[in-house]
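Here is how the chains run, residue by residue.
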Amino acid sequence: MLKNLILIGCIAVLFNGCFGKKKEEKWTAFIYPNKEDTKKNIKSPTTFGSLEECKNVSILEIKNQNLENIAFFKCGLNCTYHEGMKVEICEKMLSSTDK
């Protein structure tokens, strides 16, 4: 009986260690100054802890640059630069036009 309880406890700790930890979210802002040219963007030099923070900073930057009518932004989750493809790869990308 005691061995079973110890075994169950060890399995619970093992599963919690492998699956219980939530991965840290790092959001990166990409501002596209011209809606017609999606190849040119401005990448934020910092990352944000939440999607909302990324959106708010992007909107503020677009307003500061007086680009409200012609620009849009995207927020990317946990982005890394892929050297071979010369592009940022993100787990998820959400656009300012997404609801």
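Residues numbered from 1 in each chain as written. Predicted model: local features only at pLDDT ≥ 70, side-chain atom pairs only at ≥ 80, totals over all residues. Heavy atoms only, no water.

(A) Geometry of the side chain of Asn78. Assignment of secondary structure puts Asn78 in the loop between β3 (72-77) and β4 (80-82). A polar contact of 3.3 Å, which involves the side chain of Asn78, links it to the side chain of Glu91. Each residue touching Asn78, except ones within four places of it in the same chain, is listed here: Lys23, Glu24, Glu25, Lys26, Ile89, Cys90 and Glu91. (Helix = DSSP H or I, 4+ residues; strand = E, 2+ residues; numbered from the N terminus. Polar contact = N/O pair within 3.5 Å; in protein donor to acceptor, adjacent residues only side chain to side chain. Contact = heavy atoms within 4.5 Å.)

(B) Up close: the packing of aromatic side chains. The tally for this structure, following the rule as stated, stands at one aromatic pair. Judged by centre distance (4.7 Å) and plane angle (10°), the rings of Tyr32 and Phe72 are stacked. Of this pair, Tyr32 sits in strand β1 (residues 27-32) while Phe72 sits in strand β3; the two residues are 40 residues apart in sequence, bridging distant segments of the chain. Taken as a pair, Tyr32 and Phe72 share a single burial class, namely buried. (Phe/Tyr/Trp six-rings, centres within 6.5 Å; stacked < 30°, edge-to-face > 60°. Buried < 20%, exposed > 50% of the residue type's maximum accessible area, 1.4 Å probe, protein only.)

(C) Seen up close, the state of the cysteines. Tallying each qualifying case throughout the model produces two disulfides. Put simply, Cys79 and Cys90 are joined by a disulfide, and their sulfur atoms are 2.0 Å apart. Residues Cys79 and Cys90 are joined through a disulfide that is right-handed, its torsion about the S-S bond being 105°. Highlighted residues: Cys79 in the loop between β3 and β4 and Cys90 in the loop between β5 (87-89) and β6 (92-95), separated in sequence by eleven residues. The exposure class of Cys79 is buried, given its relative accessible area of 18%. (Disulfide = S-S within 2.5 Å.)

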